Amino acid sequence: PSCGSMFALTGQDLLITAVKNTYYRDTVTVRVLNMGEHEAEGTLRMTFSGLAVKAVYATDLDENRREQLAVAENGVTFTLRKAGLATFEFETEQV
């Protein structure tokens, strides 16, 4: 069938652990875990057809926005410490 993933993650030892609707806003929350023994760099891009990333925020586990991140190529690039967990909130718009 003609289908695909909503997100693409690149980077060694990185794993998407959750993709869910954000509790308080009409956005999508994605959690990424560094399973490696060292700091890791990665890129998380939205690949869902018909949606463009309008903004991305780093949030805490309670989904409180902490920082707006730079968007490039429909996603974000980040660095995650050893055994670190990052939570990203994606605000989208239809194209």
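Above this text you will find the structure in question.
About the thresholds
Residues numbered from 1 in each chain as written. Predicted model: local features only at pLDDT ≥ 70, side-chain atom pairs only at ≥ 80, totals over all residues. Heavy atoms only, no water. Helix = DSSP H or I, 4+ residues; strand = E, 2+ residues; numbered from the N terminus. Rg over C-alpha atoms; globule rule 2.2 N^0.38 Å. Buried < 20%, exposed > 50% of the residue type's maximum accessible area, 1.4 Å probe, protein only. Contact = heavy atoms within 4.5 Å. Pairing = 2+ DSSP bridges. Axes fitted to C-alpha atoms, helices over the stretch in contact; angles between N-to-C directions. Polar contact = N/O pair within 3.5 Å; in protein donor to acceptor, adjacent residues only side chain to side chain. Phe/Tyr/Trp six-rings, centres within 6.5 Å; stacked < 30°, edge-to-face > 60°.

Participant: Go over the overall build of the protein, please, and point to the residues and values.
Facilitator: Within the protein, the regular secondary structure consists of zero helices and eight strands. The secondary structure elements of the protein, listed N-terminal to C-terminal, are β-β-β-β-β-β-β-β. Over its C-alpha trace the protein gives a radius of gyration of 13 Å, about what one expects of a compact globule, namely 12 Å for 95 residues. With the C-alpha coordinates aligned to their principal axes, the bounding extent of the protein is approximately 40 × 35 × 20 Å. For the protein, the residues scored as buried account for 37% of the 95 residues in total. Look at the contacts in the protein between residues 6 or more apart in sequence, and 66% of them connect residues 24 or more apart.

Participant: Can you break down the sheet that holds strand 7 (residues 75-80) residue by residue, with the values?
Facilitator: The three strands are arranged 1-4-7 in an open sheet whose pairing can be described as antiparallel. Of all the strands in the sheet, just strand 1 (7-10) and strand 7 have a single pairing partner and so form its edges. Here the average twist between neighbouring strands, direction ignored, is 20°. Both strand 4 (residues 40-46) and strand 7 contribute to a ladder of six bridges, which runs antiparallel.

Participant: I'd like a rundown of the side chain of E89, residues and numbers included.
Facilitator: Tracing the backbone shows E89 in strand 8 (residues 85-94). E89 gets classed as buried once you look at its relative accessible area, which sits at 0%. Separated by 2.8 Å, the side chains of E89 and T27 make a polar contact. Dropping the residues within four chain positions of it, E89 is found in contact with T22, R25, T27, V28, T29, A55, V56, Y57, T59, E63 and R65.

Participant: Give a description of the pairing of strand 5 (residues 51-59) that names residues and reports values.
Facilitator: When you tally the buried positions in strand 5, you get seven out of nine residues, the bulk of the element. Direction of pairing for strand 5 relative to strand 8: antiparallel, over a ladder of eight bridges. In the strand pairing of strand 8, L51 is matched with Q94. One ladder, built from four bridges, connects strand 5 with strand 6 (residues 65-69); its direction is antiparallel. Along strand 6, the bridge assignment pairs Y57 with Q68. The antiparallel hairpin formed by strand 5 and strand 6 contains five residues in its connecting segment, where E63 sits at a positive phi of about 70°.

Participant: Describe the packing of aromatic side chains, and please don't skip the residues or the numbers.
Facilitator: Following the criterion strictly, the structure yields three aromatic pairs and no others. Between Y23 and Y24, the aromatic rings sit 4.8 Å apart at their centres with planes inclined by 85°, giving edge-to-face as the arrangement. One exposure class covers both Y23 and Y24, and it is exposed. On the basis of an interplanar angle of 50° and a centroid distance of 5.1 Å, the ring pair of F78 and F88 is categorised as tilted. Residue F78 is found in strand 7, and its partner F88 is found in strand 8; the two are separated by ten residues along the sequence.

All quantities given are derived from atomic positions and should not be read as evidence of function.
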